[in-house]
Amino acid sequence: MTRVAIVSGAARGIGAAIASRFAADGMAVALVDLDAAGASATADAIAQAGGRALALEADVTDEAQVSDVVARATAELGAPTVLVNNAGILRDNLIFKMTLEDWDAVMNVHLRGAFLMTRAVQAHMVEAKWGRVISLSSISALGNRGQVNYSAAKAGLQGFTKTVAIELGPFGVTANAIAPGFIASDMTRATAERMGVDFEEFTAAVAKETPVRRVGVPEDISNVASFLASDEASFVSGQVLYVAGGPSV
Ligand code: NDP
């Protein structure tokens, strides 16, 4: 039986790496993203490599669009039993300069998005008596200057994960969070740009402070997602796994 996974924010970066890895693991994957062209390009690359992928355009903060993409993924690929809440945005600023719009935007994509997606997909997991919910937290959940919105949202996802684990555990569903450290992606490139620093210099400086002496790549996260989505991880639930090249707490 082919398992069906939905990965949000899968057009690029970490989400694209997770979708590609899940396809290589034998799952059929629905790639949900605001960026339809990017999601299609990633889905095409997965198909070229012999995998099964479906690109679906949606904003995870929109209840109707979420319900529509979950229905389309189910109709075209089968009932989804693996969900990765990966869609994310940054709207960094110090609290005294942060606008309400930037607070709300970040809360909405990470928290409202994870809630809507998980609520829509869990019915299929409960029906199958098997499921995996994986949400992308961050080391920023522990506090990070300029990210009062993002760190609150990423800490919120940890509480969300633990509660989903408690509520859905009796139905064979696990919920876990991955909290990455610095991963080279468009998101961290945008951070370097905003700070006015060269990306290579930025990553070199972060690598120097990281115990394993390098920054992360999206595959560092997709390797962990692959394990958490597997049958072998069935007794791992409600956990937050920091994947940051060293201890974070
Ligand atoms: P990217 O910015 O490279 O990719 C994020 C993707 O999510 C984009 O394709 C974006 O689409 C999409 N997206 C944004 N908002 C929505 C929405 N409302 N609905 C659907 N899709 C949306 O990010 P990364 O790959 O770097 O990060 C992925 C996840 O990992 C995020 O949750 C991030 O917070 C988390 N993370 C990343 C770290 C890093 O160092 N990179 C560290 C810790 C956590 P569009 O291009 O149209 O905006």
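Structure's up top.
What you see is a predicted model, and the numbers here were worked out from it, not measured in a lab.

Caption draft 1: Expanded view of the nonpolar core. Membership of the largest hydrophobic core comes to 37 residues, with the highest contact counts inside it found for Ile6, Val32 and Leu56. Looking at this core, the elements that each hand over two or more residues are β1 (4-8), β2 (28-33), β3 (52-57), α3 (63-77), α4 (100-128), α5 (148-168) and β6 (173-180). Among the elements that take part in this core, α4 stands out by supplying nine residues, more than any other. Sequence-distant contacts of Ile6, that is, excluding residues within four places in its chain, are made with Ala30, Val32, Val70, Ala73, Pro80, Val82, Leu83, Val84, Met117 and Val121.

Caption draft 2: Spotlight on the packing of aromatic side chains. Evaluation of the coordinates by the stated rule reveals two aromatic pairs. Ring centres of Phe182 and Phe202 lie 5.3 Å apart, and the angle between their planes is 75°; this geometry places the pair in the edge-to-face category. Here Phe202 lies in helix α7 (residues 199-209) and Phe182 lies in the loop between β6 and α6 (186-195), a separation of 20 residues in the sequence. Each member of the pair, Phe182 as well as Phe202, carries the same accessibility label: buried. One aromatic cluster is present, built from ring pairs that chain together Phe182, Phe199 and Phe202. One residue, Arg3, lies across the ring of Trp130, its end atom 3.5 Å from the ring centre.

Caption draft 3: How the structure looks around the pairing of β3. Sheet topology note: the β2/β3 ladder contains six bridges and is parallel. Residue pairing across strands places Ala30 opposite Leu54, the latter belonging to β3. At this point the chain moves from β2, through helix α2 (residues 36-48), to the parallel β3, and the crossover so formed is right-handed.

Caption draft 4: Representation of the environment of Lys129. The residue Lys129 is located in the loop between α4 and β5 (131-136) in this model. Residues Lys129 and Phe171, spaced 42 residues apart in sequence, show a C-alpha to C-alpha distance of 4.9 Å. Apart from the residues lying within four places of it in its own chain, the contact partners of Lys129 are Phe171 and Gly172.

Caption draft 5: Seen up close, the pairing of β5. In terms of burial, β5 is a largely internal element, six of the six residues being buried. Of the two faces of β5, both are covered, the one formed by Gly131, Val133 and Ser135 as well as the one formed by Arg132, Ile134 and Leu136. For the handedness criterion, the β-α-β arrangement of strand β4 (residues 80-85), α4 and β5 is classed as right-handed. Alignment of β5 against β6, held across six bridges, turns out to be parallel. Among the inter-strand pairings, Gly131 is bridged to a residue of β6, identified as Val173. Tracing the backbone out of β5, into α5 and back to the parallel element β6 gives a crossover that is right-handed.

Reading the values: the criteria
Residues numbered from 1 in each chain as written. Predicted model: local features only at pLDDT ≥ 70, side-chain atom pairs only at ≥ 80, totals over all residues. Heavy atoms only, no water. Core = buried A, V, L, I, M, F, W, Y, C linked by side-chain atoms within 4.5 Å. Buried < 20%, exposed > 50% of the residue type's maximum accessible area, 1.4 Å probe, protein only. Helix = DSSP H or I, 4+ residues; strand = E, 2+ residues; numbered from the N terminus. Contact = heavy atoms within 4.5 Å. Phe/Tyr/Trp six-rings, centres within 6.5 Å; stacked < 30°, edge-to-face > 60°. Lys NZ or Arg CZ within 6 Å of the ring centre and 35° of its normal. Pairing = 2+ DSSP bridges. Right-handed = clockwise from strand over helix to strand, strands pointing away.

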